[in-house]
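Summary of structural features
Given next are the chains, with one letter for each unit.
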Amino acid sequence: MVHVTYHIVEHDGGWAYKLGDVFSETFRTREAAMQAAKQVAMEQEIPGQTSGIVFEDSSGKWHEEVARGDDRPQADVE
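The present account deals with the structure reproduced in this document. (Residues numbered from 1 in each chain as written. Predicted model: local features only at pLDDT ≥ 70, side-chain atom pairs only at ≥ 80, totals over all residues. Heavy atoms only, no water.)

**Here we look at the pattern of salt bridges**
Selection criterion: The term salt bridge refers to a side-chain nitrogen of Lys or Arg lying within 4 Å of a carboxyl oxygen of Asp or Glu. Relative accessibility decides the category of a residue: with a 1.4 Å probe and only protein chains considered, values under 20% of the type maximum give buried, values over 50% give exposed, and everything between is partly exposed.
Enumeration according to the criterion identifies one salt bridge in this entry. Linking Asp70 and Arg68 is a salt bridge whose minimum nitrogen-to-oxygen distance equals 2.9 Å. Residue classification places Asp70 among the exposed positions, given a relative accessible area of 55%.

**A look at helix H1 (residues 30–44)**
Think of an α-helix as 3.6 residues a turn; residues three or four steps apart then line up on the same face. Going by this rule: A run of H or I in DSSP counts as a helix once it spans at least four residues, and a run of E counts as a strand once it spans at least two, with each numbered from the N terminus. The span you would expect from a helix comes to 1.5 Å times its residue count less one. The arc under discussion is defined with respect to the helix axis, by the directions toward the C-beta atoms. Residue contacts are defined here by distance: any two heavy atoms, one from each residue, within 4.5 Å place the two residues in contact.
Over its 15 residues, H1 extends 21 Å from the first C-alpha to the last, a length consistent with the 21 Å expected when each residue adds 1.5 Å. Within the sequence span of H1, burial applies to Ala33, Met34, Ala36, Ala37 and Ala41. Down the axis of H1, the buried side of the element spans an arc of 165°, and every buried residue falls inside it. Turned more than 90 degrees off the buried face of H1, the exposed positions are Glu31 and Gln35. On its buried face, H1 is in contact with strand S1 (3–11), strand S2 (14–19) and strand S6 (74–77).

**Points about the pairing of S2**
Note the cut-off: Paired strands, in this sense, are two strands between which DSSP finds at least two bridges.
One ladder, built from five bridges, connects S1 with S2; its direction is antiparallel. Residue pairing across strands places Val9 opposite Ala16, the latter belonging to S2. Adjacent in sequence and paired antiparallel, S1 and S2 are bridged by two residues, among which Asp12 carries a positive phi angle near 50°. Of the pairings in the sheet, the one linking S2 to strand S3 (residues 22–23) comprises two bridges and is antiparallel in character. When the bridges of S3 are listed, Leu19 appears paired with Val22. What sits between the antiparallel neighbours S2 and S3 is a turn of two residues, in which Gly20 has the positive phi angle 65°.

**Focus: the nonpolar core**
As a reminder of what qualifies: Nonpolar core, defined: a set of buried Ala, Val, Leu, Ile, Met, Phe, Trp, Tyr and Cys residues in which side-chain atoms within 4.5 Å join the residues together.
Counting eleven residues, the largest nonpolar core consists of Val4, Tyr6, Ile8, Tyr17, Phe27, Ala33, Met34, Ala36, Ala37, Ala41 and Ala75. Listing elements by their share of this core, those giving two or more residues are S1 and H1. Ranked by residue count, the leading element in this core is H1, at five residues. Those residues in contact with Ala33, other than ones at most four positions away along the chain, are Ile8, Trp15, Ala16, Tyr17 and Phe27.

Here's what the structure looks like:
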């Protein structure tokens, strides 16, 4: 099982949660960013439907994959 961790960081004059190199919107307080990150982490673990996805990697190459609805990561917030 994949494990992801959202980090709370100062960003753009406020606070945001971050996964890898991607930032959320900016929140006025650290507590608001933490609450939003906890909600996102919880939703990340909810099973969904199996579906096809298309995405571009960092080198500009496009990929097509099938995302299983029951293959959800374990997510937490630090």
